[in-house]
Amino acid sequence: MDRNAAIRLLREHVHEDSLVKHCLATGAIMKAVAGDLGGDAESWERIGILHDIDFEEISGEMQRHGIAGAAILSAHGIDKDSADIVAAHNHFLRTAPYERPVDIALQAADSASGLIIACALVKGGNLSGVSVKTITKKAKEKSFAAGCDRSRIALIASLMDVPVFYAYALRGMMEIRTDLSLK
Ligand SMILES: [Fe+2]
């Protein structure tokens, strides 16, 4: 399944625009960081795009989140490994630490995508005006984009420096900024 097909599948299940953008941004970060972490960029991007595909369907039943998504992916012929990663990304259900780079990257990308979008929005929708320094500064303000869990971003520190991760994330999101309605 290529990127366009993944986005089509996502849009069949997710209708809220901000959630679609969150998924696209997460995919862009996963794609950008894959090479450095020994992953396949196309496959990691697809995982990012599809990771919250069940979010509207579960309507708040967080104990189903991820598991329901994995079932949708399996029904559409997506490989079991990707479906398992989507199932495991629900950190509320997770008891063991995340160990594989792809799982850690998804935790970090899932939280950083919202943080970086919020950084762009305070700059009038200008993602090109956001720097690694901006993100680092805003991440320290607890009340800023408070829903973006900093501890999930911090997991990436076992694999790379957090500012390096932010640089990859920014680069990835810049590539798709028009899809995110950002400049
Ligand atoms: Fe997410």
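Residues numbered from 1 in each chain as written. Predicted model: local features only at pLDDT ≥ 70, side-chain atom pairs only at ≥ 80, totals over all residues.

## Description of the overall build of the chain
Of the regular secondary structure elements, the chain holds nine helices and zero strands. For the chain, the α and β elements follow one another from N to C terminus as α-α-α-α-α-α-α-α-α. Principal-axis analysis of the C-alpha atoms gives the chain an extent of 40 × 35 × 30 Å. Across the 183 residues that make up the chain, the buried fraction comes to 40%. Sequence-distant contacts, at least 24 apart, represent 64% of the contacts inside the chain between residues at least 6 apart. (Helix = DSSP H or I, 4+ residues; strand = E, 2+ residues; numbered from the N terminus. Buried ≥ 20, exposed ≤ 12 C-beta atoms within 10 Å, placed from the backbone. Contact = placed C-beta atoms within 7 Å.)

## Overview of the nonpolar core
Within the largest apolar cluster, 53 residues are counted, with the highest numbers of intra-cluster contacts made by Ile29, Met30, Ala105, Ala108, Ile116, Ala169 and Met173. At the level of secondary structure, the elements contributing two or more residues to this core comprise helix 1 (3–13), helix 2 (17–34), helix 3 (41–50), helix 4 (67–75), helix 5 (80–88), helix 6 (101–122), helix 7 (132–140) and helix 9 (162–175). Element by element, the count of residues in this core is highest for helix 6, at twelve residues. (Core = buried A, V, L, I, M, F, W, Y, C linked by C-beta atoms within 7 Å.)

## Structural notes on the packing of helix 3 against helix 5
At their nearest, the axes of helix 3 and helix 5 sit 10 Å apart, and the two run at 40° to each other. Between helix 3 and helix 5, the interaxial angle falls into the category oblique. In this structure, helix 3 meets helix 5 at a crossing whose hand is right-handed. Packed against helix 3, whose contacting residues are Ser43, Arg46, Ile47 and Leu50, the element helix 5 presents Ser82, Ile85 and Val86 at the interface. By residue class, the composition of the contact of helix 3 with helix 5 is four nonpolar, two polar and one charged. (Axes fitted to C-alpha atoms, helices over the stretch in contact; angles between N-to-C directions. Parallel < 35°, antiparallel > 145°, perpendicular 65-115°, else oblique. Left-handed = near helix turned anticlockwise from the far one by under 90°. Nonpolar A, V, L, I, M, F, W, Y, C, P; charged D, E, K, R; others polar.)

## Some remarks on the environment of Val102
Among the structural elements, Val102 can be located in helix 6. Val102 sits 20 residues away from Ser82 along the chain, and the two C-alpha atoms are 9.7 Å apart. In contact with Val102, not counting residues within four places along its chain, are Gly39, Trp44 and Ile85.

## Brief notes about the packing of helix 4 against helix 5
Closest axis-to-axis distance for the helix 4/helix 5 pair is 7 Å, and the angle between their directions is 160°. The angle between the axes of helix 4 and helix 5 places the two elements in the roughly antiparallel class. For helix 4 against helix 5, the interelement crossing comes out right-handed. On the side of helix 4, the interface is formed by Ile67, Gly69, Ala70, Leu73 and Ser74, while helix 5 contributes Lys80, Ser82, Ala83, Asp84, Val86 and Ala87.

## Examining helix 6
Under the 1.5 Å per step criterion, the end-to-end length of helix 6 is 31 Å for 22 residues, consistent within 8% with the ideal 32 Å. Considering bend angle alone, the principal kink of helix 6 is centred on Ala112 and spans about 25°. Burial within helix 6 is extensive, with 16 of its 22 residues counted as buried. Backbone geometry just after helix 6 places Gly124 at a positive phi near 70°. (Expected span 1.5 Å × (residues − 1). Bend = angle between axes of the 7 residues up to and from the residue.)

## Structural notes on unusual backbone geometry
A positive phi angle, near 30°, is found at Ser59, a position not held by glycine. Note that Ser59 resides in the loop between helix 3 and helix 4. With phi around 45°, Ala145 is a residue other than glycine that occupies positive phi space. Locating Ala145 in the fold gives a position in the loop between helix 7 and helix 8 (150–154).

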